[in-house]
Amino acid sequence: MDENGTSNEPNNKWKLPLFVFFKDARLVFKLDALSREILGIAFPSALAVAADPIASLIDTAFIGHLGPVELAAAGVSIALFNQASRIFIFPLVSITTSFVAEEDTIEKLNIEAAENKFSDKDKAKFSEAMHEDHKLQDIEKGTTKENNDTNNGDDANTNICKTSSVISSNKVKDKVGKKKRHIASASTALLFGIILGLLQATILIFAAKPLLWVMGVKHDSPMLQPAEKYLRLRSFGAPAVLLSLAMQGIFRGFKDTTTPLYVIVSGYALNVALDPILIFSLKMGIKGAAISHVLSQYVMALVLLLILMKKVSLVPPTIKDLQIFRFLKNGGLLMARVVAVTFCVTLAASLAARLGSIPMAAFQTCLQVWLTSSLLADGLAVAVQAILACSFAEKDYKKTTAAATRTLQMSFVLGVGLSLAVGVGLYFGAGIFSKNVDVVHLIKLGIPFVAATQPLNSLAFVFDGVNYGASDFAYAAYSLVIVSVVSVAIEFILYRSKHFVGIWIALSIYMSLRMLAGIWRMGTGTGPWRYLRGQSLS
């Protein structure tokens with residue numbers, strides 16, 4: 001590799017980088033090494049990411065049997081809590097995954113370099129020692145076949161050197177393997193997770209009523225009291241939520257999405273088991289749903305922390321190693337992005353709440369299905385982010401192109417499959433979420449939009465992972481701010497003219513614009529993708 005790190009760039013430069021998205025499209029169904037790597041990370045991650053919305057969906061189904069008012073109240077509270085969490089979660093998790101993957105890759109490269117250097121020195125020492133030993137043997141034996149003896153000695157020397165090199169390398173690997181990893185970004189992520197979790201809990205607990213008013217729940221609304229109770233109780237779990245997700249980001253950086261999956265599934269299984277007990281058996285109603293969710297979050301956070309402590313040294317050598325300013329700089333960019341994105345979805349929920357408890361109950365059901373199914377694509381986003389972060393650190397541009405295009409192609413196929421599954425499932429299963437005829441009718445009106453946008457959603461989510469993996473945080477922030485400003489204006493216009501259906505048309509346009517923003521960056525070969533146009537990344 002030359003000084004500019006361009007030797008690993010693709011030999012075939014794309015005059016029109018837009019066509020790179022179709023590169024090797026025939027391999028999308030082939031289970032080769034790249035596909036196995038992507039799916040090995042994506043599948044457990046997708047299940048883990050979908051676990052929380054699925055648990056919320058089950059909560060929604062249980063609460064729906066309490067009545068439409070309780071269902072609408074929980075819907076507003078869940079939407080508010082989730083949107084508030086996303087403001088902190090996505091910047092924290094996204095930055096953590098990229099930074100940990102980058103640091104871990106660099107650390108491995110340094111270890112390999114140290115091993116090679118150690119082996120070369122070891123080989124030289126053994127070679128010198130063996131030459132001296134054979135000279136002494138020749139003198140003692142008085143041999144007259146110096147050349148033959150020397151050749152034989154060289155063969156023996158080579159074998160011994162190889163053996164020594166293997167032994168030395170194994171010793172270094174064993175020594176490294178027994179040590180905990182020193183990843184500064186991991187410590188920083190946990191610190192921010194705790195601080196942000198406490199901040200979120202404080203804001204939601206003490207400002208529950210005004211925040212619900214902003215969401216469209218008026219002071220005389222029957223939704224206000226149950227919504228306020230649910231939101232405040234669930235907010236006590238915010239520190240555990242942020243800490244758990246910070247640790248998930250660390251594991252993702254290590255390309256380990258299986259460990260968090262086991263913990264998360266177990267935690268939410270506890271949540272589902274507690275729901276009927278607390279809601280119905282103990283007659284706690286909507287409060288029981290919130291308490292079961294909070295308990296499961298703290299169990300997950302504790303287990304993940306205990307596992308992580310065995311793998312990573314969580315105490316950095318110095319405060320400087322925490323890279324606080326690096327986190328703040330990139331985190332600030334992503335927070336601006338998430339605020340803009342969050343505002344779009346929160347505004348949609350708020351507009352639905354202003355239509356009344358019936359439309360809000362239907363909107364909440366459609367929204368939960370929409371987000372749950374769409375977030376399955378986030379597993380692919382996590383996979384491509386981790387792979388790209390490592391590949392860019394290694395300056396392996398062939399792999400960055402192949403990984404990005406393959407994952408995007410997979411996401412489109414996934415989106416088409418989700419579109420069919422969601423359309424059929426929600427049409428025949430709408431009655432699971434509510435027995436109210438009007439709620440079910442509105443749910444069926446939202447089905448075409450929820451189903452048809454699945455391919456768009458899948459691509460949009462994966463493009464986020466592509467941007468984060470390339471550390472293109474600035475573009476990810478600025479592009480989505482522009483998209484959100486346009487989408488908010490569209491939401492207001494369509495809400496006034498089309499009401500419930502208008503909100504879903506606006507959300508469909510919003511996701512289309514998000515997808516197009518992702519296509520533009522890589523498709524034009526700008527930013528970290530300018531090597532696609534034959535430009536150096538030095």
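Here's what I pulled together on the structure shown here. This one's a predicted model, so the numbers in the text were calculated from it and none came from an experiment. (Residues numbered from 1 in each chain as written. Predicted model: local features only at pLDDT ≥ 70, side-chain atom pairs only at ≥ 80, totals over all residues. Heavy atoms only, no water.)

1. Describing the overall build of the protein
Along its length, the protein carries 16 helices and zero strands. A total of 538 residues make up the protein; the buried ones form 54% of that total. Long-range contacts, defined here as pairs at least 24 residues apart, represent 85% of the contacts in the protein between residues at least 6 apart. Surface summary for the protein: the accessible area is close to 24,100 Å², and the carbon and sulfur share equals 66%. (Helix = DSSP H or I, 4+ residues; strand = E, 2+ residues; numbered from the N terminus. Buried < 20%, exposed > 50% of the residue type's maximum accessible area, 1.4 Å probe, protein only. Contact = heavy atoms within 4.5 Å. Areas by Shrake-Rupley, 256 points an atom, 1.4 Å probe, with all protein chains shown as cover.)

2. Here we look at a nonpolar patch on the surface
Residues Phe 29, Phe 412, Val 413, Val 416 and Leu 420 make up a contiguous nonpolar surface patch of about 520 Å² in total accessible area. Summarising the element assignment, Phe 29 is placed in the segment before helix H1 (33-64). (Patch = residues over 30% accessible without salt bridge, like charges linked within 9 Å, V, L, I, M, F, W, Y side chains within 5 Å. Salt bridge = Lys/Arg side-chain N within 4 Å of Asp/Glu carboxyl O.)

3. Side note on helix H10 (residues 324-354)
Approximately 25° is the largest bend angle found in H10, and it occurs at Gly 331. Positioned one or two residues after H10, Gly 356 has a phi angle of 120°, which is positive. (Bend = angle between axes of the 7 residues up to and from the residue.)

4. Overview of the pattern of salt bridges
Summed over the entire model, instances satisfying the criterion amount to twelve salt bridges. The partner of Arg 232 in a salt bridge is Glu 228, with the nearest N and O atoms 2.8 Å apart. In this pair, Arg 232 and Glu 228 both sit in helix H6 (residues 224-235), four residues apart, roughly one turn of the helix. Arg 232 gets classed as partly exposed once you look at its relative accessible area, which sits at 32%. Residue class for Glu 228 comes out buried when judged on its relative accessible area of 13%. If you follow the salt bridges from partner to partner, you end up with Lys 23, Asp 24 and Arg 26 in one network.

5. Notes on the packing of helix H12 (residues 378-394) against helix H15 (residues 454-469)
Packing of H12 against H15 brings their axes to within 7 Å, and their N-to-C directions diverge by 20°. The orientation of H12 with respect to H15, classified from their angle, is roughly parallel. Helix-helix and strand crossings are classified by hand; for H12 and H15 the assignment is right-handed. Contacts from Asp 378, Leu 380, Ala 381, Val 384, Gln 385, Leu 388, Ala 389 and Phe 392 in H12 reach Phe 461, Val 462, Gly 465, Val 466, Tyr 468 and Gly 469 in H15. (Axes fitted to C-alpha atoms, helices over the stretch in contact; angles between N-to-C directions. Parallel < 35°, antiparallel > 145°, perpendicular 65-115°, else oblique. Left-handed = near helix turned anticlockwise from the far one by under 90°.)

6. Concerning the side chain of Ser 77
Mapped onto the secondary structure, Ser 77 falls in helix H2 (residues 68-141). Judged by relative accessible area, Ser 77 falls into the buried class, the value being 1%. Looking at Ser 77, its side chain comes within polar contact range of the main-chain oxygen of Ala 73, at 3.1 Å. Apart from the residues within four sequence positions on either side, Ser 77 is in contact with Leu 212, Ala 227, Tyr 230 and Leu 231. (Polar contact = N/O pair within 3.5 Å; in protein donor to acceptor, adjacent residues only side chain to side chain.)

7. Points about the packing of aromatic side chains
Evaluated as defined, the whole model comprises 13 aromatic pairs. On the basis of an interplanar angle of 40° and a centroid distance of 5.3 Å, the ring pair of Phe 363 and Trp 504 is categorised as tilted. Placement of the pair is Phe 363 in helix H11 (residues 357-374) and Trp 504 in helix H16 (residues 473-523), with a sequence separation of 141 residues. On the basis of relative accessible area, Phe 363 is assigned to the buried category, the value being 0%. For the pair Tyr 427 and Phe 428, a centre-to-centre distance of 5.1 Å together with 85° between the ring planes defines the contact as edge-to-face. (Phe/Tyr/Trp six-rings, centres within 6.5 Å; stacked < 30°, edge-to-face > 60°.)

8. What to know about helix H14 (residues 437-452)
Here H14 contains 16 residues, and its C-alpha end-to-end distance of 24 Å stays within 8% of the 22 Å for a straight helix at 1.5 Å per residue. Along H14, the helix axis deviates most sharply at Gly 446, where the bend reaches about 40°; the proline Pro 448 sits within four residues downstream. Listing the buried residues of H14 in full gives Val 439, Val 440, Leu 442, Ile 443, Gly 446, Ile 447, Val 450 and Ala 451. (Expected span 1.5 Å × (residues − 1).)

9. Brief notes about the environment of Leu 92
Among the secondary structure elements, Leu 92 is positioned in helix H2. Under the relative-accessibility criterion, Leu 92 is labelled buried at 5%. Leu 92 sits 96 residues away from Thr 188 along the chain, and the two C-alpha atoms are 9.8 Å apart.

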